[in-house]
Amino acid sequence: SDDVFGTNGDAYNLKTGFEGCSHNQLIINPGGAGYTDINDGVTTINVDIDATSGNHGNMTNAVTAAINAKYGVTDPSEIADHWLYCLPPGVTTSIAYAYIDHWMSVYSNEWCNYPSSQMHELGHNFGFDHSNEGTQEYGDVSGMMGSSDGQDEGPMSKLII
């Protein structure tokens, strides 16, 4: 929860990143209030699916089904507006992905911990596409909808000479 909400003092996280970029117009708070095993907006869901490359679709479907069954809902968005699925290493060949105008974003292992990838993928959930520069998709690295850099303290800066 610290990398997402700053609950243990992480100064730059998903919550502070969106607050800063939006001039406090977008506030991200932990969801799941009233559910005893969702602590600071985080829970662990275990599924019986092989953690093998290319199996991310089966795994995300199993996680969604397990959330629905565990909490008695028909859709995880009944509990929280957005869900970050943090998958074991090697399950997906991408570092992360998300659906436009959706509640789910999916991350490969440690990429779930980086505000740059969290903000990028939730940006897709909010309806944003990639930040291009010229003809290069992901080319604009000055903001979070360009290339995610795997850093914990913000987007890559662009040197202008």
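Just so it is clear, the model here is predicted, and its values are computed rather than measured. (Residues numbered from 1 in each chain as written. Predicted model: local features only at pLDDT ≥ 70, side-chain atom pairs only at ≥ 80, totals over all residues. Heavy atoms only, no water.)

Before going further, it helps to spend a moment on the overall build of the protein chain. When you go through the protein chain residue by residue, the secondary structure sums to four helices and three strands. For the protein chain, the proportion of contacts with a sequence separation of at least 24, taken over those separated by at least 6, is 46%. (Helix = DSSP H or I, 4+ residues; strand = E, 2+ residues; numbered from the N terminus. Contact = heavy atoms within 4.5 Å.)

Taken as a whole and assessed by the stated rule, the structure comprises five aromatic pairs. Relative to Y71, the ring of Y35 has its centre 5.1 Å away and its plane inclined at 80 degrees; by these criteria the two rings are edge-to-face. Here the residue Y35 occupies a position in the loop between α2 (14-21) and α3 (56-71), and Y71 occupies one in helix α3, the gap between them amounting to 36 residues. (Phe/Tyr/Trp six-rings, centres within 6.5 Å; stacked < 30°, edge-to-face > 60°.)

Here we take up the pattern of salt bridges. The tally for this structure, following the rule as stated, stands at two salt bridges. Where E19 meets K15, a salt bridge forms, and the shortest distance between an N and an O atom there is 2.9 Å. Placement of the pair is E19 and K15 together in helix α2, with a separation of four residues, close to one helical turn. Taken as a pair, E19 and K15 share a single burial class, namely buried. (Salt bridge = Lys/Arg side-chain N within 4 Å of Asp/Glu carboxyl O. Buried < 20%, exposed > 50% of the residue type's maximum accessible area, 1.4 Å probe, protein only.)

A word on the pairing of strand β3 (residues 104-108). Residues in a regular strand point their side chains to alternate faces of the sheet. Along β3, five of the five residues are buried, which leaves the element largely enclosed by surrounding structure. Across the two faces of β3 the burial is the same, with M104, V106 and S108 and S105 and Y107 all buried. Taken together, the five bridges between strand β1 (residues 83-87) and β3 define a ladder with parallel strand orientation. Across the sheet, C86 pairs through a bridge with Y107, a residue of β3. Relative to β3, strand β2 (residues 96-98) is paired through three bridges, and the arrangement is antiparallel. (Pairing = 2+ DSSP bridges.)

Moving on, we come to α3. If you check α3, its first and last C-alpha atoms are 22 Å apart, about what 16 residues at 1.5 Å a residue would give, namely 22 Å. For α3, the complete set of buried residues consists of M59, T60, A62, V63, T64, I67, N68 and Y71. Contacts from the buried residues of α3 go to β1, β2 and β3. Immediately beyond the C-terminal end of α3, within one or two residues, lies G72, with a positive phi of roughly 65 degrees. (Expected span 1.5 Å × (residues − 1).)

The next point concerns unusual backbone geometry. Non-glycine residue H23 carries a positive phi angle of around 55 degrees. Within the element layout of this structure, H23 appears in the loop between α2 and α3. Unlike most non-glycine residues, N109 shows phi in positive territory, near 45 degrees.

On to helix α4 (residues 115-125), then. Of all 11 residues in α4, 11 are buried, a share of seventy percent or more. Positive phi appears at G127, one or two residues downstream of α4, with a value of about 105 degrees.

Here we come to the state of the cysteines. If you walk through the whole model with that rule in mind, you get one disulfide. Across a sulfur-sulfur distance of 1.7 Å, C86 and C112 are joined as a disulfide pair. Here C86, found in strand β1, pairs with C112, found in the loop between β3 and α4; they are 26 residues apart in sequence, far enough to count as distant. Since its relative accessible area comes to 45%, C86 is described here as partly exposed. (Disulfide = S-S within 2.5 Å.)

With that settled, consider the nonpolar core. In terms of nonpolar packing, the biggest core is built from 17 residues, with I67, Y71, I79, W83 and Y85 touching the most fellow members. Mapped onto this core, the elements with two or more residues apiece are α3, β1 and β3. Counting residues per element, this core draws most heavily on α3, at four residues. For I67, the residues in contact, after removing those within four places along its chain, are I45, G72, V73, P76, I79, W83 and Y85. (Core = buried A, V, L, I, M, F, W, Y, C linked by side-chain atoms within 4.5 Å.)

Function cannot be inferred from these measures alone, as they are strictly geometric.
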